[in-house]
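# Observations on chain architecture
Chain by chain, the residues:
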Amino acid sequence: MKDYSEINELQLDALKEISNIGAGNAATSLSQMLGRTINMSVPRASIAPFSEIGDYVGGADKVTAGGYLRVDGDMPMGMLFMIETEQAFYLLDILFGNVPGTSNDWTEMHCSAFKEIVNILSGSYLNALAVFTNNVYSPSVPAMAVDMTGAILGEVLQTVGEISDYALVLENVFIEKEKEITGQLFLLPEPKTLESLLKALGVL
Amino acid sequence: MAKEIIKVGMAAFSTAVEPASLVTIGLGSCVGVCLWDSAKKIGGLVHIMLPDSTQARNVTNKAKYADTGIVLLVEEMTKKGAVASRLTAKIAGGAQMFNFPGSNSVIRIGERNIEAVRMCLKRLNIRILAEEVGGSYGRTIEFFTVDGLLYIKTINQGEKTV
């Protein structure tokens, strides 16, 4: 596979399916961690040129909290969890047992807890993938940034940019019903990983 | 008079003539390179993502790389009537958004982008009038063709015009 733009509809659907399995596992873990029901929307899989990626995530200047980690080993890829800052604080308030609306500052404890959420989400997502593909995944610890969506995405997409002019974005949205919290989890497989995934899915 | 604002996406470029302005939103480790011909009031902006096209397998989008992106922008501005020897530059971006413990050179891409942009501008004899680079925060920039000013907005680091 030379470029992500070569991926066909059937392959995109297969990728959606696999992201659904991963994200399902992640939603269960998050749900246990927070003691709340967490739902998922239908996954999105799309291929977009870099110049349009800002619009794709609802505006490049929106302020979001992003947790990013790299996966090395057999299946190199990036994983990014993005959520609007207010909603991130709400998640953290639930986690700490505070009245929602208590948190409004990124203290060390908040950052650390946010990274832990990202850790749990990505870890359970990757576990599901590992069972499916029989590969070894070695995720790094997450790093985080609270800033413009475009700035966060730009850096995350660098690795992809070295190979392609398009970004393949596998997106799952987690929804906490009561407050309609939505967070987006992006899986950004490198071409080699993408091939392995497609092979495991039987569509390559 | 309503002034035209031209949006430039990631790994893209655009040129503009007075009184239009060029905007790029959310520069992280990417670098926004703004070139200006003060006599013709022609401006250009390229939103580069990576330092070096010679490392790439195939270069289909020149605007993605510092080396090819700046050359491309100069060419396009010249076509619009700008004079290459008159061009000056202002650059912004090249931050490091994520800090991994023991991060390697691949992740410190912002710095490499800045360095590559400086080198390329030097090679083309384009003087850098202002730099607003580095740090660990995103920047949104607007470049005005009327006076060559560059407005930089951040979330927590205020805003300024250079």
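Take the overall build of chain B next. Each helix and strand in chain B was counted, giving 2 helices and 10 strands. Helices and strands appear in chain B in the N-to-C order β-β-β-β-β-α-β-α-β-β-β-β. Relative to the 2.2 N^0.38 estimate, which gives 15 Å for 162 residues, the radius of gyration of chain B is 15 Å and therefore close to what a compact globule would have. In chain B, which comprises 162 residues, the proportion classed as buried is 56%. Put simply, of all contacts in chain B between residues at least 6 apart along the chain, 61% involve residues at least 24 apart. When the accessible surface of chain B is summed, it comes to about 7,200 Å², and 51% of that surface belongs to carbon and sulfur atoms.

Another aspect to go through is the interface of chain A and chain B. Contacts between the two partners involve 34 residues from chain A, matched on the other side by 36 residues from chain B. When the two sides are added together, the surface that chain A and chain B hide from each other amounts to roughly 2,600 Å², 63% of it contributed by carbon and sulfur. Inspection of the chain A/chain B interface yields 1 salt bridge. Of the charged contacts, one joins Lys64 of chain B and Asp165 of chain A as a salt bridge, the two residues approaching to 2.7 Å between their closest N and O atoms. Counting across the interface, chain A meets chain B through 11 residue pairs in polar contact (both at pLDDT 80 or more). Of all the secondary structure elements, the ones that give two or more residues to the side of chain A that touches chain B are helix 2 (53-56), strand 3 (63-73), strand 6 (143-148), helix 5 (149-156) and helix 6 (158-161) of chain A. Considering every element that reaches the side of chain A that touches chain B, the biggest residue donor is helix 5 of chain A, with 6 residues. Tallied by class, the residues present in the side of chain A that touches chain B amount to 18 nonpolar, 8 polar and 8 charged.

Let us look at unusual backbone geometry. Residues and elements named next belong to chain B. The omega torsion across Glu18 and Pro19 is 5°, close enough to zero to call that bond cis. By the secondary structure assignment, Pro19 is in the loop between strand 2 (13-17) and strand 3 (21-27). In this structure, Ala11 takes a positive phi of about 60° despite not being glycine. A positive phi angle, near 60°, is found at Asn125, a position not held by glycine. Take Asn125: it is sitting in the loop between helix 2 (109-123) and strand 7 (127-133).

On to the pattern of salt bridges, then. Residue and element names in this part refer to chain B. Counting across every chain of the model gives 12 salt bridges over all chains. With a shortest N-O distance of 2.8 Å, Asp37 and Arg86 are connected by a salt bridge. Of this pair, Asp37 sits in strand 4 (residues 31-37) while Arg86 sits in the loop between helix 1 (66-79) and strand 6 (87-93); the two residues are 49 residues apart in sequence, bridging distant segments of the chain. A salt bridge links Glu76 to Lys79; the shortest N-O distance between them is 3.0 Å. With Glu76 and Lys79 both in helix 1, this residue pair falls 3 residues apart, about one helical turn. Three or more residues joined by partner-sharing salt bridges are found here, namely Glu115, Arg118 and Glu131.

The α-helix advances 3.6 residues per turn, and as a result positions three or four apart in sequence lie on the same side. Residues and elements named next belong to chain A. Taken as a whole, helix 7 (residues 191-200) has its buried residues at Pro191, Thr193, Leu194, Leu197 and Leu198. Across the axial projection of helix 7, the buried residues extend over an arc of 155°, all falling on one side. Summarising the contacts, the buried residues of helix 7 are in contact with helix 1 (9-34), strand 4 (77-84), helix 4 (108-133), strand 5 (137-139), strand 7 (166-176) and strand 8 (181-189). Backbone geometry just downstream of helix 7 places Gly202 in the positive-phi region, at approximately 75°.

Our next topic: the nonpolar core. It is characteristic of soluble globular proteins that their nonpolar side chains tend to be buried jointly. The biggest cluster of nonpolar side chains holds 95 residues, and the ones touching the most others in it are Leu80, Leu157 and Phe174 of chain A together with Phe98 of chain B. Among the elements that line this core, the one with the most residues is helix 1 of chain A, at 9 residues. Within the second largest apolar cluster, 23 residues are counted, among which are Ala66, Leu73, Ala82 and Leu87 of chain B.

Our next topic: the pairing of strand 4 of chain A. Residues and elements named next belong to chain A. When you tally the buried positions in strand 4, you get 7 out of 8 residues, the bulk of the element. As paired strands, strand 3 and strand 4 are joined by 8 bridges and run antiparallel to one another. Bridge pairing links Ala65 to Ile83 in strand 4. Count of turn residues in the strand 3/strand 4 antiparallel hairpin: 3 residues. Two elements, strand 4 and strand 8, share 7 bridges in a ladder whose sense is antiparallel. Within strand 8, the position partnered with Ile83 by the bridge is Gly183.

Reading the values: rules and limits
Residues numbered from 1 in each chain as written. Chains lettered and ligands numbered in written order. Predicted model: local features only at pLDDT ≥ 70, side-chain atom pairs only at ≥ 80, totals over all residues. Heavy atoms only, no water. Helix = DSSP H or I, 4+ residues; strand = E, 2+ residues; numbered from the N terminus. Rg over C-alpha atoms; globule rule 2.2 N^0.38 Å. Buried < 20%, exposed > 50% of the residue type's maximum accessible area, 1.4 Å probe, protein only. Contact = heavy atoms within 4.5 Å. Areas by Shrake-Rupley, 256 points an atom, 1.4 Å probe, with all protein chains shown as cover. Buried area = accessible area lost by both parts, 1.4 Å probe. Salt bridge = Lys/Arg side-chain N within 4 Å of Asp/Glu carboxyl O. Polar contact = N/O pair within 3.5 Å; in protein donor to acceptor, adjacent residues only side chain to side chain. Nonpolar A, V, L, I, M, F, W, Y, C, P; charged D, E, K, R; others polar. Arc of directions from axis to C-beta. Core = buried A, V, L, I, M, F, W, Y, C linked by side-chain atoms within 4.5 Å. Pairing = 2+ DSSP bridges.

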